[in-house]
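So you can see what is in the structure, the chains are spelled out below.
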Amino acid sequence: DTFGVTPAAFPIFIDGGDPIGMGDLLNLTADDSSVFSPGPQGDEGAFLIDSMEDARRRTLTLIDGLDATQLMGPRLPIVNPLRWEIGHTAYFYEYWILRQHLGLEPVFASVDSLYDSISIAHEDRWDLPLPSLEDTLTYMLAVHERVRRHVEQDGPDPRRDYLLEFAVYHEDMH
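Residues numbered from 1 in each chain as written. Predicted model: local features only at pLDDT ≥ 70, side-chain atom pairs only at ≥ 80, totals over all residues. Heavy atoms only, no water.

Caption draft 1: Just the packing of aromatic side chains, in detail. Under the defined criterion, the tally for this structure stands at six aromatic pairs. Ring geometry for phenylalanine 108 against tyrosine 139: centres 5.2 Å apart, planes inclined by 80°, an arrangement best described as edge-to-face. Of this pair, phenylalanine 108 sits in the loop between helix H3 (82-101) and helix H4 (111-115) while tyrosine 139 sits in helix H5 (residues 133-154), and the two are 31 residues apart along the sequence. Overall, phenylalanine 108 belongs to the partly exposed group, its relative accessible area being 25%. Ring centres of tyrosine 162 and phenylalanine 166 lie 6.3 Å apart, and the angle between their planes is 15°; on these two criteria the pair is classed as stacked. (Phe/Tyr/Trp six-rings, centres within 6.5 Å; stacked < 30°, edge-to-face > 60°. Helix = DSSP H or I, 4+ residues; strand = E, 2+ residues; numbered from the N terminus. Buried < 20%, exposed > 50% of the residue type's maximum accessible area, 1.4 Å probe, protein only.)

Set out below in C-alpha cells:
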C-alpha cells in the first residue's frame, strides 16, 4: 500500500532529517521494507513556524480572561508572575535568535532589565515596572513577527533553526 503523509500534531522524522511534510511519500511494504521519497525540502521552515505559532497559541489561551491580579499571582519561590513569564518567553526568542544570532537591536531599550532571567533575581520579578498586558502582548507579537519573517525570507539557517526550536520548547515549558 502507499500512504500519503500529511503533517500531524507531531512530526515524523526519517533518519533525523527534515520532518515529513506535504509532498513527502512513505511506502511501507509487507516484507518490512520501506522507501521514503522526499517532496520539496521547504518543510522545515513551515514546521518551525507552525511549532512557534502552536506554542504562542497555547500561551495566549492560558492567560485569556485573567485579570491584573491573577496575571501577577502570589509571591512564591516556585513560580514567576505570569505577566513576567509571557514577556520573558518572547524575550527568549528575541535575545537568542534576533539579537545574539542575527545581530539585531532590541525591540525596546529596557527589555533586558525586565525579562533577563539570568540577571533578575526571582524574588525581584514582582517589583519590576512591567509593561501593561496590552503592551506585553504587543511586544510578544513584534518579536513573533520578526522571527517569522526571518524564517520565511532568509531560507534555511541551521543555527537559527536550532535556536528557534529551543525557544519553542522554552515557551512550552513555561
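Caption draft 2: Structural detail: the nonpolar core. Counting residues in hydrophobic clusters, the biggest one holds 31 residues, and the most contacted among them are Tyr93, Ile97, Tyr115, Val147 and Leu164. For this core, the elements supplying multiple residues, two or more each, are helix H1 (43-63), helix H2 (68-72), H3, H4, H5 and helix H6 (158-173). Here the element with the most residues in this core is H3; it accounts for eight residues. Each residue touching valine 147, except ones within four places of it in the same chain, is listed here: Met52, Tyr93, Ile97, Leu98 and Leu164. (Core = buried A, V, L, I, M, F, W, Y, C linked by side-chain atoms within 4.5 Å. Contact = heavy atoms within 4.5 Å.)

Caption draft 3: Here's a closer look at the side chain of aspartate 161. Along the chain, the position of aspartate 161 falls in helix H6. For aspartate 161, a relative accessible area of 8% puts it in the buried group.

Caption draft 4: Highlighting the pattern of salt bridges. If you walk through the whole model with that rule in mind, you get ten salt bridges. One salt bridge in this structure joins arginine 58 and aspartate 54, with 2.2 Å as the shortest N-O distance. Placement of both arginine 58 and aspartate 54 in helix H1 is noted, with a separation of four residues, approximately one turn of the helix. Measuring nitrogen to oxygen at the nearest pair gives 2.7 Å for the salt bridge that ties arginine 148 to glutamate 152. One end of the pair is arginine 148 and the other is glutamate 152, both in helix H5 and four residues apart, which spans about a single turn. With relative accessibility at 28%, the residue arginine 148 sits in the partly exposed group. By sharing partners, the salt bridges in this structure join Asp54, Arg57, Arg58 and Asp172 into a single network. (Salt bridge = Lys/Arg side-chain N within 4 Å of Asp/Glu carboxyl O.)

Caption draft 5: Highlighting H3. The terminal C-alpha atoms of H3, which comprises 20 residues, lie 27 Å apart, in line with the 28 Å expected from a rise of 1.5 Å per residue. Its maximal kink placed at glutamate 94, H3 deviates by approximately 30°. Most of H3 sits out of view: 15 of its 20 residues are buried. Note on H3: the residue one or two positions beyond its end, glycine 103, has a positive phi of about 75°. (Expected span 1.5 Å × (residues − 1). Bend = angle between axes of the 7 residues up to and from the residue.)

That's the geometry; what it means functionally is another story.
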